[in-house]
Amino acid sequence: MASRKSSKKSITQQAVGLATMGMPAPVQKVATSRWGTRLLILAIPILLATGVLSIRWVNGLPSFSFNADRAAVVGQQVELEARRAAAQFASRQGSAQPGVPQQPFAPPAQYQTYQPAPAPQQAYPVYQAAPQPQAAQQYYPAYR
């Protein structure tokens, strides 16, 4: 007799279900599935770290905002890295596939790397101590 899988939800599935209460039912169903929960637990910290997703607290409640411009930049960077890794992998293989011309990989000029905003100027000057004079060292000849 075949055994049936347990329909009991794990604690993480219950937590994701609670967090997605305001979402439509199909999205909530996918998010609370076994694989959906795992993907959310991995994807949310990555999106927060890359700046695509940000959290703002309003009256004690979290408010999420999605930065589409930053998502486009991150998407281009991921695509560029994937192409670079594929080209590196192909060069390591050494043998060309039949019918596919071998060309060295050159990223298109339209891709730009992410440049963080310059640091704000400090309102007060930074104190730098004057260099201290060093004591003269005694000269000892190599022979005696």
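A short note on the overall build of the chain
Here is step 1 of the chain: Along its length, the chain carries four helices and two strands.
Here is step 2 of the chain: In the chain, the succession of α and β elements from N to C terminus is α-α-α-β-β-α.
Here is step 3 of the chain: Burial status across the chain gives 10% buried among its 144 residues.
Here is step 4 of the chain: Considering only residue pairs separated by 6 or more positions, the chain has 27% of its internal contacts joining residues 24 or more positions apart.
Here is step 5 of the chain: Summing over all exposed atoms, the chain offers an accessible surface of approximately 13,400 Å²; the carbon and sulfur share of this is 61%.

A closer look at the side chain of Gln-13
Here is step 1 of the chain: Tracing the sequence through the fold places Gln-13 in helix H1 (residues 11–19).
Here is step 2 of the chain: At 2.9 Å, the side chain of Gln-13 and the backbone nitrogen of Ser-10 are in polar contact.
Here is step 3 of the chain: Once residues lying within four places of it in the same chain are set aside, the contact partners of Gln-13 are Lys-8, Thr-32, Ser-33, Arg-34 and Thr-37.

Let's talk about the side chain of Thr-20
Here is step 1 of the chain: Summarising the element assignment, Thr-20 is placed in the loop between H1 and helix H2 (25–31).
Here is step 2 of the chain: In this structure the side chain of Thr-20 is engaged in a polar contact, spanning 2.8 Å, whose partner is the backbone oxygen of Val-16.
Here is step 3 of the chain: Here Thr-20 is in contact with Gln-28, Ala-31 and Thr-32, once residues within four sequence places are set aside.

Reading guide: rules and limits
- Along every chain, residues carry numbers that run from 1 in the direction the sequence is written.
- At least 70 in pLDDT is required for a residue's local features to be given in this predicted model, at least 80 for side-chain atom pairs to be given and counted, and no such filter applies to totals for whole chains, interfaces and linings, which use all residues.
- Heavy atoms throughout the structure, all of them, feed into the side-chain values; hydrogens and water do not.
- What counts as a helix is a DSSP run of H or I of at least four residues, what counts as a strand is a run of E of at least two, and both are numbered from the N terminus.
- Buried means the residue's accessible area, taken with a 1.4 Å probe over protein chains only, is under 20% of the maximum for its type, while exposed means over 50%, and partly exposed covers the values in between.
- Residue contacts are defined here by distance: any two heavy atoms, one from each residue, within 4.5 Å place the two residues in contact.
- For the accessible areas, the method is Shrake-Rupley and the probe is 1.4 Å, while residue cover comes only from the protein chains on display.
- Counted as a polar contact is a pair of N or O atoms within 3.5 Å, where, for protein atoms, one must be capable of donating a hydrogen and the other of accepting one, and residues adjacent in sequence contribute only when both atoms are in side chains.

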